[in-house]
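Results of the structural survey
Now for the letters of each chain:
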Amino acid sequence: MAKVREVRNRRGLLGWLNPTKFNLERWAYTLHRVTGFIVAVYFYMHVVVTGFRAGGREVWESIMATLSNPLVHPLELIVWGSLFYHGLNGIRLTLAELGLIVGKPSRPIYPYKPTSLGKTQRAVLFLVMIMAVILIILAGVEMFILPAGGGG
Amino acid sequence: MRESTLWLLHIITGLLLVLFFAVHLAEFSALVGGAGYEEGLTYTLLSERAQNILYTVFYIVFLATVTYHANYGLRVLLIEWLGGRWEKAINILLILLGLAAVLYGSYVTITFHLMSVGV
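Presented here is a report on the structure given in the accompanying data block. (Residues numbered from 1 in each chain as written. Chains lettered and ligands numbered in written order. Predicted model: local features only at pLDDT ≥ 70, side-chain atom pairs only at ≥ 80, totals over all residues. Heavy atoms only, no water.)

Notes on the overall build of chain A
We count it as follows: Helix and strand definitions follow DSSP, with helices as H or I runs of at least four residues and strands as E runs of at least two, each counted in order from the N terminus. For the radius of gyration, the atoms used are the C-alpha atoms, and the globule rule reads 2.2 Å times the number of residues raised to 0.38. In this description, contact between two residues means that some pair of their heavy atoms is separated by no more than 4.5 Å.
Within chain A one finds 5 helices and 0 strands. Start at the N end of chain A and walk to the C end: the helices and strands fall as α-α-α-α-α. Relative to the 2.2 N^0.38 estimate, which gives 15 Å for 152 residues, the radius of gyration of chain A is 21 Å and therefore markedly larger than a compact globule would have. Over its C-alpha atoms, taken along the principal directions, chain A stretches across nearly 65 × 40 × 25 Å. Of all intrachain contacts in chain A linking residues separated by at least 6 positions in sequence, the fraction that spans at least 24 positions is 62%.

Laid out in structure tokens, this is it:
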């Protein structure tokens, strides 16, 4: 694999994690990384937990009984929300990567407004946020309202 | 592999995962006619799904796709955090972790498929 150039990271994690003093894209980026990390950690836990099904009915039912409690469900909603944001924002990033929503390049003139964050990119970013919120609400309905109302 | 190839694979797996994840949720979501969040995950329903060879194949493809995408993402985070001099150690660690997840997950999926069809 290609050698990655050594870059000193004096501020450590906060160097790329702290989005304040930057524009909207930076906030989207921080959220994308944090949600990606959450989903990756959940994924490895998910592989282990769902692996219990190979132990048979009793093993599966006991692990499901352990995990089906009011402490775990809000955490799962965080994972779902992370997934929705990460997926939707990932589509936006792919469009940006292909150069479709970032506008034309232009000469940098003070006060250096980034052309990449023009109307299209902003609109897509807000669309991502709105769709993520709608999906999180739907997930909340699925998790907390439907089971209670369905008599199950 | 070249860094740009790895990055391209990250984007392709990312787009695939949007699709795969929608299928994965539709398996049980009551909002699209499934059995629901709690009821859809009972052993009986799991077993019914596992009898379908397509689900079994889907799970293994899905597993491999997520593992690549997650580990490439984690690799970027770790290298940017710890610095390029840890790249080799990070690569080895993530490859081992990914292999473990794919092998264990595939083993479980195939075992459970065989259990469900009653072999």
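Overview of the side chain of His-69 of chain B
For clarity, the cut-off: Polar contact is defined as a pair of N or O atoms within 3.5 Å, subject to the rule that within protein one atom must be able to donate a hydrogen and the other to accept it, and that residues adjacent in sequence are counted only when both atoms are side-chain atoms.
One can find His-69 of chain B in helix α3 (residues 53-82). A distance of 3.2 Å separates the side chain of His-69 of chain B from the side chain of Thr-13 of chain B, its partner in a polar contact. His-69 of chain B has contacts with His-86 of chain A together with His-10, Thr-13, Gly-14 and Leu-17 of chain B, leaving out every residue within four places of it along the chain.

Let's talk about the layout of surface pockets
Residue and element names in this part refer to chain B. In plain terms, the rule: The definitions used throughout rest on a 1 Å grid laid over the protein atoms alone, on which a cavity is an enclosed set of points accommodating a 1.4 Å probe that cannot get out and a pocket is an open set flanked by protein within 12 Å on both sides along at least five of seven lines; lining residues are those having an atom within 4 Å of a point. Grid points are joined across faces, edges and corners, and a volume is the space filled by probe spheres set on the points. Lys, Arg, Asp and Glu make up the charged group, whereas Ala, Val, Leu, Ile, Met, Phe, Trp, Tyr, Cys and Pro make up the nonpolar group; the residues left over, Gly among them, are polar.
Put simply, the second largest pocket is a space of about 360 Å³. Counting only elements with at least two residues in the lining of the second largest pocket, the list comes to α3 and α4 (87-117). When its residues are assigned to classes, the lining of the second largest pocket shows 10 nonpolar, 4 polar and 1 charged.

Some points on the packing of aromatic side chains
Stated precisely, the cut-off is as follows: For Phe, Tyr and Trp, where Trp contributes only its six-membered ring, two rings pair if their centres lie within 6.5 Å, and the inter-plane angle classes them as stacked under 30 degrees, edge-to-face over 60, or tilted in between. Classification of residues uses two cut-offs on accessible area relative to the type maximum, computed with a 1.4 Å probe and protein chains only: under 20% is buried, over 50% is exposed, and between them is partly exposed. Comment: the charge-over-ring label is applied if NZ (Lys) or CZ (Arg) is within 6 Å of the ring centre and within 35 degrees of the ring normal.
In this structure the tally under the stated criterion is 15 aromatic pairs over all chains. Arranged with centres 5.8 Å apart and planes meeting at 85°, the rings of Tyr-110 of chain A and Tyr-112 of chain A form a pair that is edge-to-face. Across this residue pair, the class does not change: Tyr-110 of chain A and Tyr-112 of chain A are exposed. Summarising the aromatic geometry, the rings of Phe-20 of chain B and Phe-58 of chain B are spaced 5.6 Å apart at their centres and angled 85° between planes, so their arrangement reads as edge-to-face. Here the residue Phe-20 of chain B occupies a position in helix α1 (residues 3-26), and Phe-58 of chain B occupies one in helix α3, the gap between them amounting to 38 residues. Using a relative accessible area of 14% as the deciding quantity, one classes Phe-58 of chain B as buried. In textbook terms, an aromatic cluster arises when at least three aromatic residues are bridged by ring pairs, as seen for Trp-80 and Phe-84 of chain A together with Phe-21, Phe-28 and Tyr-37 of chain B. The side chain of Arg-26 of chain A reaches across the aromatic face of Phe-22 of chain A, ending 4.3 Å from its centre. Lying over the aromatic face of Tyr-59 of chain B, Arg-53 of chain A brings its terminal NZ or CZ to 5.8 Å of the ring centre.

Let's talk about the packing of helix α2 (residues 24-50) of chain A against helix α4 (residues 72-97) of chain A
All names here are of chain A. Cut-off, in case you're wondering: A fitted line through C-alpha atoms serves as each axis, taken over the contacting stretch for helices, and the angle formed by two N-to-C directions is quoted from 0 to 180°. In this scheme, roughly parallel covers angles under 35 degrees and roughly antiparallel covers those over 145, while 65 to 115 is roughly perpendicular and the rest are oblique. Helix crossings get a hand from a simple test, with the near helix turned counterclockwise from the far one by less than a right angle marking a left-handed crossing and a clockwise turn marking a right-handed one.
At their nearest, the axes of α2 and α4 sit 8 Å apart, and the two run at 130° to each other. In terms of orientation, α2 lies oblique with respect to α4. Two packed elements cross with a definite hand, and for α2 against α4 that hand is left-handed. Counting all contacts with α2, which are made through Glu-25, Ala-28, Leu-31, His-32, Thr-35, Gly-36, Ile-38, Val-39 and Tyr-42, the residues of α4 involved are Ile-78, Val-79, Ser-82, Leu-83, Tyr-85, His-86, Asn-89, Gly-90, Arg-92 and Leu-93. For the contact of α2 with α4, the residue count by class is 10 nonpolar, 7 polar and 2 charged.

Here's the deal with the interface of chain B and chain A
What counts, and what does not: Defined in terms of a 1.4 Å probe, buried area is the accessible area two parts forfeit on being brought together, summed over both. For salt bridges, the criterion is a side-chain nitrogen of Lys or Arg within 4 Å of an Asp or Glu carboxyl oxygen.
Counting residues at the interface gives 52 residues for chain B, matched by 43 residues for chain A. Each partner contributes to the roughly 3,900 Å² buried at the junction of chain B and chain A, and carbon and sulfur atoms together form 67% of this total. Run the count over chain B and chain A and you get 1 salt bridge. A salt bridge links Arg-33 of chain A to Glu-80 of chain B, with the shortest nitrogen-to-oxygen separation between them at 2.9 Å. Joining chain B to chain A, the criterion identifies 10 residue pairs in polar contact (both at pLDDT 80 or more). The dominant element in the side of chain B that touches chain A, judged by the number of residues it contributes, is α3 of chain B, at 14 residues. Here the side of chain B that touches chain A is composed, by residue class, of 30 nonpolar, 15 polar and 7 charged.

Any functional reading would require information that these geometric values do not contain.
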